[in-house]
Amino acid sequence: MSSNVSMEIGSDGVAVIKFSNPPVNALSFKIIEELKEKYVEAMNRNEVKAIVLTGEGGRFCGGFDINSFGKEKKTGGDDSKLSDEQSLVNTIEEAKKPTVAAIEGLALGGGLELAMGCHARIATPKVQLGLPELTLGIIPGMGGTQRLPRLVGTSKALEMMLTSRPIMSEDGKKLGLIDAVVSKEELLTVARHWALDIAERRKPWISSLLRTDKLGSLAEARQVIQVAREQATRTAPNMPQHQACLDAVEEGVVFGGYSGLLKEKELTSPTVLYTSKSLVHFFFAQRAISKVPNVTDVGLKPRHIKKVAVIGGGLMGSGIATALILSNIFVVLKEINPMYLQKGIKAIEANLRSLLARGKITEDKVMNALSILTGVLDYSEFRHVDLVIEAVIESVPLKQSIFHELEKVCSQNCILATNTSTIDLNIIGEKTTSQDRIVGAHFFSPAHVMPLLEIVRTDKTSAQVILDLMTVGKAIKKVPVIVENCTGFAVNRTFFPYGQGAHILVHLGVDLFRIDRLVKEFGIPIGPFQLQDVAGYGIGIAAGKVLASAFGDRMFKSPLTELLMKDGRNGKLNGKGYYTYEKGSRPKPDPTVLPIIEKSRKLANIMPSGKPVSLTDQEIVEMIMFPVVNEACRVMEEGIVLRASDLDVASILGMSFPSYRGGLIFWADSVGATHIYSSLKKWSEAYGNFFRPSKFLEERAKKGIPLSVPTSTSQTGSKSRL
Ligand SMILES: C[C@H](O)CC(=O)SCCNC(=O)CCNC(=O)[C@H](O)C(C)(C)COP(=O)(O)OP(=O)(O)OC[C@H]1O[C@@H](n2cnc3c(N)ncnc32)[C@H](O)[C@@H]1OP(=O)(O)O
């Protein structure tokens, strides 16, 4: 078997130990063993005075190999109380010859933990340094919970671990995590000299685990940990790894670094396995999503998109424009009159100011973003744009006339995208001859915040156009998912039963605030009725009409929204919906909505024998989520998505489905197709067609095949490697 670790001993007495595992030099159990062997050799060879540890190919290390999570691992090593991974880092730190880490590109997770066991760290500019383990459902398990607080202080270390956000080497230098930032060319030379300087005591020989100077007093450190605990209880209530990470840090702060390591080992055992499985699935699903057969694998090069026109400065248009200018893409915002244009520009300014207020961007960034935004009232600038994104109201004739006009005013290579959330693209492009460059760019509200971009293609959209839009999407920090054209596309189509199910339940007699509470407890941050309030009733009604024209046989026509509007309620927009909204306070359930609900129940008249049904909490959640899974089955069967895992990513990033459940289909498979099918069948017999199980679900349930298994024709395999 070939070796992943090499050692070269220079005439200066420095051994350069290099490990290699493309593309990110992930650490495997084999690499860990080989590194230990090299350390034994380096200690035994008299000519070796010091060591430089580095990774091959411009990236120090992307952490432990995520593919091997959950696989059997040996424990023991040099110190049987620690795991093999921990004991490697201890071997380095406690060795009688010093090690300097020479870091390029990135040092994440186990990679940074390895580097923190070294006696100094030299990095090139813009290296990503972080401990993102919590996003994978585990805690740093190679001493990170102990060494990071000792190098950067408890507060900063907790921030880095709990948010999983990396910092750059320049900040690392300021914080004391990095000893010097040098150019790529100088990296090895500086690291070698540094290592010799430590060996010959010209520079301090520092073992991170033994330091206490950055931890602050015990009382201060405990206070910081307590605040972080309270915050994690609020922001990550279903993520046990957050509290586990804090437990490990606290143990080390109170009883010393070695005790902290033992606690860390104890907490990396399978206590958080389900969450970890789901989050690891989500990690690989996100990587798989950017692989699109016949688009990303046929040698096409993305064209550079410098300037984009956005048509419509409403909620969506202004959000899209904000996302673009924040990523240095010039934007021409078009509106139909000066008042609307002014409103659109003000909305963009407000988006930027709110990001500034939350410390997400700097004042300079705001100024720079606004300097590349131009407002226009006609199409004269459109000749110079590379991409148009239409974001006007959901009106077929209006969109058709805009696309007809765009064909005349834009260059022939310009991509013509629509942000429609429901309308068939073939209908929008019907009056043009540009079908090959017409594409859906469906953003989710608020567009400058939500990470999903649904790219909708028809059978005529060219591969180049899809690749270009995917590239723009990534440039503006979105995760693009490629879906086929159909009413509602993948996400709105899959999720239309979400609101519908909630309305059916209310009309069967269930309390609406109970429904919202239970859905939130399930992990979706906002319940279906509050979501309706926030999204606005107009959008829901317009989208509902389009969806009803395609899927009318399984839609529930709820009279409730119209009754609310007749009562002068418009949701968050006018502060009055199912909830009341006041500036500066949380939405409050509005009891005055209850008589309107009673009226709606009478109109719909679906309660069996006119009496409210009695349902358990679990049944309520399932009656909302199983119809969503059912529609997802149709979406998969029709080949609207490339793979089941694309729906997992889309549900998490577009609909805030809880990531710790792995996404809609991953969760559904954990529940089991058989239970979902038999429940839907029972409800369809009691309450009608809305619950009727799809053919796909029925087949999977009867044959015992998980929903995520690709169909023979439409889907490529999910890349879950669990
Ligand atoms: C004991 C320890 O405490 C436990 C750990 O270390 S857990 C691991 C902690 N590390 C991480 O979470 C980092 C995960 N990786 C990433 O964030 C990103 O991949 C990255 C920033 C390293 C690189 O990003 P980018 O350049 O966009 O490339 P990206 O497409 O994500 O990854 C390239 C390939 O490397 C793989 N990869 C990345 N990190 C990996 C890892 N730690 N293990 C296994 N594979 C990994 C990806 O799956 C992808 O594979 P593919 O080409 O077959 O799809």
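Residues numbered from 1 in each chain as written. Predicted model: local features only at pLDDT ≥ 70, side-chain atom pairs only at ≥ 80, totals over all residues. Heavy atoms only, no water.

The name given to the protein in an unreviewed UniProt entry is 3-hydroxyacyl-CoA dehydrogenase, and the organism recorded there is Papaver nudicaule. Its UniProt record gives the protein a comment under Subunit (unreviewed entry), which states: "Monomer." What the UniProt record of the protein gives under Pathway (unreviewed entry) is the line "Lipid metabolism; fatty acid beta-oxidation." (UniProt positions renumbered as here; feature names shortened; annotations may be inferred.)

This next bit is on the site of the ligand. The ligand sits among 29 residues. The nearest are R59, F64, E113, E133 and K291. A distance of 2.8 Å is found between an oxygen atom of the ligand and a backbone nitrogen or oxygen belonging to G110. In this structure, E133 approaches the ligand through a side-chain N or O atom, which is 2.5 Å from an oxygen atom. Computed on the free molecule, the ligand has an accessible area of 970 Å², of which 77% lies beneath the protein chains in the complex. If you list the elements that add at least two residues to the shell around the ligand, you get β5 (106-108), α3 (110-117) and α11 (273-288). No other element matches α11, which puts 3 residues into the shell around the ligand. When its residues are assigned to classes, the shell around the ligand shows 15 nonpolar, 6 polar and 8 charged. (Near = heavy atom within 4 Å. Polar contact = N/O pair within 3.5 Å; in protein donor to acceptor, adjacent residues only side chain to side chain. Areas by Shrake-Rupley, 256 points an atom, 1.4 Å probe, with all protein chains shown as cover. Helix = DSSP H or I, 4+ residues; strand = E, 2+ residues; numbered from the N terminus. Nonpolar A, V, L, I, M, F, W, Y, C, P; charged D, E, K, R; others polar.)

Two aromatic rings are characterised by how far apart their centres lie and by the angle between their planes. Within this structure, the stated rule accounts for 17 aromatic pairs. With centroids separated by 5.6 Å and ring planes inclined at 70°, the aromatic side chains of F522 and F657 adopt a geometry described as edge-to-face. With F522 in helix α19 (residues 512-522) and F657 in the loop between α25 (644-655) and α26 (664-671), this pair connects stretches of sequence that are 135 residues apart. Relative to W667, the ring of F522 lies with its centre 5.1 Å away and its plane at 80°, an arrangement referred to as edge-to-face. Of this pair, F522 sits in helix α19 while W667 sits in helix α26; the two residues are 145 residues apart in sequence, bridging distant segments of the chain. Judged by relative accessible area, F522 falls into the buried class, the value being 8%. An aromatic cluster of at least three residues, connected via ring pairs, comprises F522, F626, F657, W667, W683, Y687, F690 and F691. The ring of W194 has K203 sitting right over it, with the charged end atom 4.4 Å from the ring centre. Directly above the aromatic system of Y379 lies the positively charged group of K334, at a separation of 4.8 Å from the ring centroid. (Phe/Tyr/Trp six-rings, centres within 6.5 Å; stacked < 30°, edge-to-face > 60°. Buried < 20%, exposed > 50% of the residue type's maximum accessible area, 1.4 Å probe, protein only. Lys NZ or Arg CZ within 6 Å of the ring centre and 35° of its normal.)

To continue, consider the sheet that holds strand β14 (residues 415-418). Pairing is mixed across the open sheet formed by 8 strands, whose spatial order is β12-β11-β10-β13-β14-β15-β16-β17. The open sheet terminates on both sides in strands that have one partner only, identified here as β12 (373-376) and β17 (479-484). Mean inter-strand twist for the sheet, computed between neighbouring axes without regard to direction, equals 25°. (Pairing = 2+ DSSP bridges. Axes fitted to C-alpha atoms, helices over the stretch in contact; angles between N-to-C directions.)

A few words on the pattern of salt bridges. All chains considered together, the criterion is met by 41 salt bridges. Put simply, R554 and D553 hold a salt bridge, and the shortest N to O gap is 3.7 Å. With a relative accessible area of 10%, R554 lands in the buried category. Across the pair E631 and R634 runs a salt bridge, and its minimum N-O distance is 2.9 Å. Residue E631 and its partner R634 are located together in helix α24 (residues 617-637), separated by 3 residues, close to a single helical turn. We classify R634 as buried; its relative accessible area is 10%. One salt-bridge network, held together by shared partners, links R493, D553, R554, E631, R634, E638 and R692. (Salt bridge = Lys/Arg side-chain N within 4 Å of Asp/Glu carboxyl O.)

Now for unusual backbone geometry. With an omega of 5°, the peptide bond between P22 and P23 qualifies as cis. As for its placement among the helices and strands, P23 is situated in the loop between β2 (14-19) and α1 (29-44). With an omega of -5°, the peptide bond running from S445 to P446 counts as cis. Positionally, P446 belongs in the loop between β15 (438-443) and β16 (452-457). With a phi angle near 55°, N25 is a residue other than glycine that sits in the positive phi range. One can find N25 in the loop between β2 and α1. One non-glycine residue, N328, lies in the positive phi region at around 65°.

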